[in-house]
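Now for the letters of each chain:
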Amino acid sequence: IINYQDQPAFYVLIRDISERKKNKLLVDLQFAVSQQFLNSEYLLDAITSTLKTICTTLKLDSARIWTLDSKEQNLRCIATWSNDANSQ
């Protein structure tokens, strides 16, 4: 406690840490995605688990990964994820 104009007062310092928190989230997400690829035997398993990791980290309800089938000239969904708790 300090005195300001003969009245007790507090000295407060406020710092915006939102950028630091966003950067930490990005680093944590990059690490988690790397781990998914290292720990998966098959690419499709890695893609599916990575999709889930990204969605849960960023608090997304659902997502899909599409690929272009150049032979058929159309899009094909190769992985989906949804948060079942939010879809009911």
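Just so you know, these numbers come straight off a predicted model, no measurement behind them. (Residues numbered from 1 in each chain as written. Predicted model: local features only at pLDDT ≥ 70, side-chain atom pairs only at ≥ 80, totals over all residues. Heavy atoms only, no water.)

Even after reading the chapter, I still don't get the overall build of the chain, so can you show me in this structure?
If you tally the helices and strands in the chain, you get 3 helices and 4 strands. Here the chain has a C-alpha radius of gyration of 23 Å; the compact-globule value for 88 residues is 12 Å, and the former is much larger. Overall size of the chain, expressed as C-alpha extent along the three principal axes, is 80 × 30 × 25 Å. Classification of the 88 residues of the chain by burial places 15% in the buried group. When contacts within the chain are restricted to residue pairs at least 6 apart in sequence, long-range pairs at least 24 apart make up 25% of them. (Helix = DSSP H or I, 4+ residues; strand = E, 2+ residues; numbered from the N terminus. Rg over C-alpha atoms; globule rule 2.2 N^0.38 Å. Buried < 20%, exposed > 50% of the residue type's maximum accessible area, 1.4 Å probe, protein only. Contact = heavy atoms within 4.5 Å.)

Would you mind showing me how to read the pairing of strand S3 (residues 62-69) here?
Regular strands have side chains that alternate between both faces of the sheet. Examined bridge by bridge, S3 and strand S4 (residues 74-82) share 8 bridges and lie antiparallel to one another. Looking at the pairing, Ile65 lines up with Ala79 of S4. Counted along the chain from S3 to the antiparallel partner S4, the turn is 4 residues long, and its residue Gln73 has a positive phi close to 60 degrees. (Pairing = 2+ DSSP bridges.)

What should I look at first to understand the nonpolar core in this one?
Generally speaking, a soluble globular protein has its nonpolar side chains buried in company with each other. One finds Ile47, Leu51, Cys55, Ala63, Ala79 and Trp81 forming the largest nonpolar core, which totals 6 residues. For this core, the elements supplying multiple residues, two or more each, are helix H2 (43-58) and S4. Tallying contributions element by element places H2 first for this core, with 3 residues. Contact partners of Trp81, with chain neighbours within four places excluded, come to Leu51, Lys52, Cys55, Thr56, Leu60, Asp61, Ser62 and Ala63. (Core = buried A, V, L, I, M, F, W, Y, C linked by side-chain atoms within 4.5 Å.)

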